Amino acid sequence: MTGIEIRKVTARIGAQVSGVDIGKPLDEGTVTALRAALDEHKALVFDDVDLDDEGQQAFARHFGDLTTAHPTVPAVAGAPNVLPVDSERGRAANHWHTDVTFVLNPPQASTLRSITLPPYGGETLIASSAAAYRNLPEPLRLLADTLWAEHTNDYDYAVPEEEVDEVQAAQRAQFTSITYRTVHPVVRVHPLTGERGLFIGGFAQRIVGLSATESRKVLDLLQAYVVRPENVLRHRWSPNQLVLFDNRITQHYAVDNYDGLPRRLNRVTVAGDVPVGIEGKESYSITGDASHYTPVVSAAA
């Protein structure tokens, strides 16, 4: 391993990586360096990558076993581990979320690769939930430490039903074709770094023990710390880029500001462990079997 350069993009999240060709098999030292950079910076940007779907999957496998594309949404034809994040399929990702938190063991890491980009807009925002936790005033931090939240894919959409067309309705039906409900700690302990982060986002719908109205107020209050501009990397895509981010301790948002023009990223995710709260208690599933989507991996992965 020689020549890897890591350059911070913002103070709290994100780094640009150069000096490594991720289109080729990586030696153990390089993977260790990239994992350390991911632990520190939460999101890594690679420019001028020479990858196809198979190459993206091979790169992601350096960090662990892969999930299939999604629990309910179809994969790219012939590539069961690749999810097309495509403007033609709607723009459901334009809300703050952590990938697939409605299952018991959400992905530990996600990769996004640029395929088709609009001439303007279409940025991806990635926020550090570790920085958000550190920002909390002590009374809020002590409260958050005690809370658990139910995550579900059958969540409250921002668009009212009467404004949804047939295509959008079909996409919603597909997304919720299997209903998942899982309870996670609001404060998750990262298994590699020991950092605490706010593990909430768009799929977190209710705080255990609170009403829906009370839950929304508490979740909105905590979420406001996640999305503070100081905690956010605003990534403007270029051709042949790949972004790797730690799904255990970030949230992201696809900005819908490109007038419906073609935009396509391919996503490959790395299987994760069951989240653990500050007292060592693990998340638990209420309904929905995701074994077809992801294996459960060791927390040390």
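Residues numbered from 1 in each chain as written. Predicted model: local features only at pLDDT ≥ 70, side-chain atom pairs only at ≥ 80, totals over all residues. Heavy atoms only, no water.

> Honestly, the packing of aromatic side chains in this entry has me stumped. Any pointers?
Aromatic ring pairs are reported here in terms of the distance separating the ring centres and the angle at which the planes meet. Using the criterion set out here, one finds five aromatic pairs in the structure. With centroids separated by 5.6 Å and ring planes inclined at 75°, the aromatic side chains of Phe-46 and Phe-59 adopt a geometry described as edge-to-face. With Phe-46 in strand 3 (residues 43-46) and Phe-59 in helix 2 (residues 53-61), this residue pair connects regions lying 13 residues apart in the sequence. Exposure remark for Phe-46: the relative accessible area of 2% places this residue in the buried category. With a relative accessible area of 0%, Phe-59 lands in the buried category. Taking 5.5 Å as the distance between ring centres and 75° as the angle between the ring planes, the aromatic pair formed by Phe-59 and Phe-63 counts as edge-to-face. The exposure classification of Phe-59 matches that of Phe-63, with both residues buried. Ring pairs connect the aromatic residues Phe-46, Phe-59 and Phe-63, which therefore count as one cluster. (Phe/Tyr/Trp six-rings, centres within 6.5 Å; stacked < 30°, edge-to-face > 60°. Helix = DSSP H or I, 4+ residues; strand = E, 2+ residues; numbered from the N terminus. Buried < 20%, exposed > 50% of the residue type's maximum accessible area, 1.4 Å probe, protein only.)

> What should I look at first to understand the sheet that holds strand 16 (residues 284-287) in this one?
Backbone-to-backbone hydrogen bonds join strands into a sheet, with any given pair of strands oriented parallel or antiparallel. Spatially, 11-7-8-16 is the arrangement adopted by the four strands of the open sheet, whose pairing is antiparallel. Since the sheet does not close on itself, it has two edges, and those belong to strand 11 (204-207) and strand 16, each with one partner. Going across the sheet, the axis of each strand differs from the next one's by a mean of 30°, ignoring polarity. Bridge count between strand 7 (residues 148-152) and strand 11: three bridges; the pairing is antiparallel. In the strand pairing of strand 11, His-151 is matched with Ala-204. (Pairing = 2+ DSSP bridges. Axes fitted to C-alpha atoms, helices over the stretch in contact; angles between N-to-C directions.)

> I tried to follow the pairing of strand 7 on my own but got confused; where do I start?
Both faces of the sheet carry side chains from a regular strand, because those side chains alternate between them. Counted residue by residue, strand 7 has five buried out of five residues, so it is predominantly covered. Side-chain alternation along strand 7 places Trp-148, Glu-150 and Thr-152 on one buried face and Ala-149 and His-151 on a second face that is also buried. Here strand 7 pairs with strand 8 (residues 181-185) via five bridges, running antiparallel. The residue bridging Ala-149 from the neighbouring strand is His-184, located in strand 8.

> What should I look at first to understand the pairing of strand 14 (residues 250-254) in this one?
Of all five residues in strand 14, four are buried; the element is thus mostly enclosed. As paired elements, strand 6 (residues 124-128) and strand 14 share five bridges and run antiparallel to each other. From the neighbouring strand, Ser-128 faces strand 14, where its bridge partner is Thr-250.

> Just to check I follow, could you spell out the environment of Asp-48 for this structure?
Within the secondary structure layout, Asp-48 lies in the loop between strand 3 and helix 2. Along the sequence, Asp-48 and Asp-21 sit 27 residues apart, while their C-alpha atoms lie 9.2 Å from each other.

> I would appreciate a short explanation of the nonpolar core in the present structure.
Looking at soluble globular proteins, one finds that nonpolar side chains tend to be buried together. Grouped together as the largest cluster of nonpolar side chains are 24 residues, with contacts concentrated most on Ile-22, Leu-34, Leu-44, Phe-46, Phe-59, Leu-242 and Leu-244. Among the elements of the structure, strand 2 (15-18), helix 1 (28-41), strand 3, helix 2, strand 13 (242-246) and strand 15 (264-270) are those that each provide at least two residues to this core. Top element by residues in this core is helix 1. It accounts for four residues. Residues in contact with Leu-34, not counting those within four places in the same chain, are Val-17, Leu-26, Leu-44, Phe-46, Phe-59 and Phe-63. Leu-147, Val-186, Val-187 and Leu-219 belong to the second largest nonpolar core, which has 23 residues in total. (Core = buried A, V, L, I, M, F, W, Y, C linked by side-chain atoms within 4.5 Å. Contact = heavy atoms within 4.5 Å.)

> What's the story with the sheet that holds strand 6 in this structure? I'm lost.
Strand order in the open sheet formed by three strands is 12-6-14, with antiparallel pairing between adjacent strands. The open sheet has two edge strands with one neighbour each: strand 12 (232-235) and strand 14. Recorded for the sheet is a direction-independent mean angle of 20° between the axes of neighbouring strands.

> It is not clear to me how the environment of Lys-8 should be interpreted in this structure. Could you clarify?
Note that Lys-8 resides in strand 1 (residues 5-8). The residues contacting Lys-8, other than those within four sequence positions of it, are Gly-14, Ala-15 and His-41. A polar atom in the side chain of Lys-8 sits 3.1 Å from the backbone oxygen of Ala-11. (Polar contact = N/O pair within 3.5 Å; in protein donor to acceptor, adjacent residues only side chain to side chain.)

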